[in-house]
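# Structural features, examined
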Amino acid sequence: MLRKLFFDFQYRFARPPWDTGITPPEVVAFVANNSTHGRALDLGCGTGTNSIYLASQGYQVVGVDFSSKAIASARFKAKREQLAIDFHVADVTHLEFLNEPFDYVLDIGCLHAIDETGRTRYAEHIARLTQSGSVFMLYAFSPRPANEPRHLIQFRNVGITPDQVEKLFASDFKLERIEHGGDRDERKSAWYWFVRQSNSRPVR
Ligand SMILES: C[S@@+](CC[C@H](N)C(=O)[O-])C[C@H]1O[C@@H](n2cnc3c(N)ncnc32)[C@H](O)[C@@H]1O
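A few points on the structure. It should be emphasised that the depicted structure is a prediction, and the values quoted were computed from it without experimental measurement. (Residues numbered from 1 in each chain as written. Predicted model: local features only at pLDDT ≥ 70, side-chain atom pairs only at ≥ 80, totals over all residues. Heavy atoms only, no water.)

## Some thoughts on the site of the ligand
Taken together, the neighbourhood of the ligand is formed by 17 residues, with Y11, G44, D65, V92 and I108 sitting nearest. Separating an oxygen atom of the ligand from a side-chain N or O atom of D65 is a distance of 2.6 Å. Coverage of the ligand by the protein amounts to 94% of the 590 Å² it exposes when considered alone. The class makeup of the residues in the shell around the ligand is ten nonpolar, five polar and two charged. (Near = heavy atom within 4 Å. Polar contact = N/O pair within 3.5 Å; in protein donor to acceptor, adjacent residues only side chain to side chain. Areas by Shrake-Rupley, 256 points an atom, 1.4 Å probe, with all protein chains shown as cover. Nonpolar A, V, L, I, M, F, W, Y, C, P; charged D, E, K, R; others polar.)

What follows is the structure in structure tokens.
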């Protein structure tokens, strides 16, 4: 799969621009404002920056990424910090190996790179792996305008609009808050705060 190769290549041979080692203030604020630090799932966890932060704050963390290189770095860093984190090399659209519900699900920059079929499966897994009151925080890019010139290695179809995000999770989650922004090159992006509603579809 081309996209997996792209991410693996970035972790092996480059310094990925997103791998800053800094947990975003939105996540820090969420943790500070919530006294229950239960089970957390970090989807597309990369080299584990946010998984490690959550574990250091008392969460029991599972991190998933399909780049084996990223997960190897994440395991190394967690061990160095003496934190027990359950890291998996896996595709976030195939989370059948996870069962217990999570109180907090975090996705920084992963969902927007997944195709439409995969996004549907992703949403089904998140619904299955959360319970009423669980919080799902998502950071995602919007698609680039069709007429915008692009860099050679940029994928054209990366990005998800706020409407698409809301619709994708509408049957199981309430969108509590959305904050629009732009990243370094002013690409449109947004933070989404979802809260899981009581069971709205049959458990598969
Ligand atoms: C932009 S990076 C962000 C990494 C991390 N969340 C962070 O903030 O540092 C996106 C990550 O999602 C992972 N990823 C993308 N699609 C994935 C998929 N379908 N399954 C698992 N991981 C995926 C990539 O390997 C990459 O590590």
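## Comments concerning the environment of L41
Here L41 lies in strand β1 (residues 39-43). On the accessibility criterion, L41 (2% relative accessible area) is buried. C-alpha of L41 to C-alpha of L106: the two residues are 65 residues apart in sequence and 6.2 Å apart in space. Once residues within four sequence positions are removed from consideration, L41 is found in contact with V62, V64, L98, F102, Y104, V105, L106 and L129. (Helix = DSSP H or I, 4+ residues; strand = E, 2+ residues; numbered from the N terminus. Buried < 20%, exposed > 50% of the residue type's maximum accessible area, 1.4 Å probe, protein only. Contact = heavy atoms within 4.5 Å.)

## Describing the environment of G46
Position of G46 relative to the elements: it lies in the loop between β1 and α3 (49-56). Separated by 27 residues in sequence, G46 and S73 place their C-alpha atoms 8.4 Å apart. The contacts of G46, once residues within four sequence positions are left out, are Y11, D65, A70, I71 and A74.

## Description of the pattern of salt bridges
Enumeration over the complete set of coordinates arrives at four salt bridges. The shortest N-O distance in the salt bridge between D172 and R196 comes to 3.9 Å. Separated by 24 residues along the polypeptide, D172 in the loop between α6 (162-169) and β6 (173-182) and R196 in strand β7 (residues 188-196) bring together distant segments of the chain. Its relative accessible area of 2% is what places D172 among the buried residues. For E176, the salt bridge identified is with K174, shortest N-O distance 3.5 Å. With a relative accessible area of 44%, K174 lands in the partly exposed category. (Salt bridge = Lys/Arg side-chain N within 4 Å of Asp/Glu carboxyl O.)

## Here we look at the packing of helix α1 (residues 2-13) against helix α4 (residues 68-80)
Two numbers describe how α1 lies on α4: the axes approach to 8 Å, and their chain directions differ by 45°. In terms of orientation, α1 lies oblique with respect to α4. Residues D8, Y11 and R12 of α1 pack against S68, K69 and A70 of α4. Its residues assigned to classes, the contact of α1 with α4 shows two nonpolar, one polar and three charged. (Axes fitted to C-alpha atoms, helices over the stretch in contact; angles between N-to-C directions. Parallel < 35°, antiparallel > 145°, perpendicular 65-115°, else oblique.)

## Details of the sheet that holds strand β3 (residues 86-89)
The mixed open sheet is built from seven strands, whose spatial order is β3-β2-β1-β4-β5-β7-β6. This sheet does not close on itself; its edge strands, each paired only once, are β3 and β6. The mean inter-strand angle of the sheet, taken between neighbouring strand axes irrespective of direction, is 15°. Looking at chain direction, strand β5 (residues 130-141) and β7 are connected through seven bridges and run antiparallel. Bridge pairing in β7 places V135 opposite V195. Its contacts with the sheet put α4 on β2 (60-65) and β3, and the angle it makes with β3 is roughly 165°. (Pairing = 2+ DSSP bridges.)

## Side note on the state of the cysteines
Scanning the entire structure with this criterion turns up zero disulfides. This cysteine, C45, is not joined by any disulfide, and C110 carries the nearest cysteine sulfur, 9.1 Å off. C45 sits in the buried class, given a relative accessible area of 6%. With a relative accessible area of 15%, C110 lands in the buried category. (Disulfide = S-S within 2.5 Å.)

## Considering α3
For α3, a buried count of seven out of eight residues is recorded, marking the element as mostly surrounded by other parts of the structure. By the burial criterion, the buried members of α3 are T49, N50, S51, I52, Y53, L54 and A55. Close packing links the buried residues of α3 with α2 (25-33), β1, β2, α4, β3 and β4 (102-108). Looking one or two places after α3, you find G58, whose phi comes out positive at around 105°.

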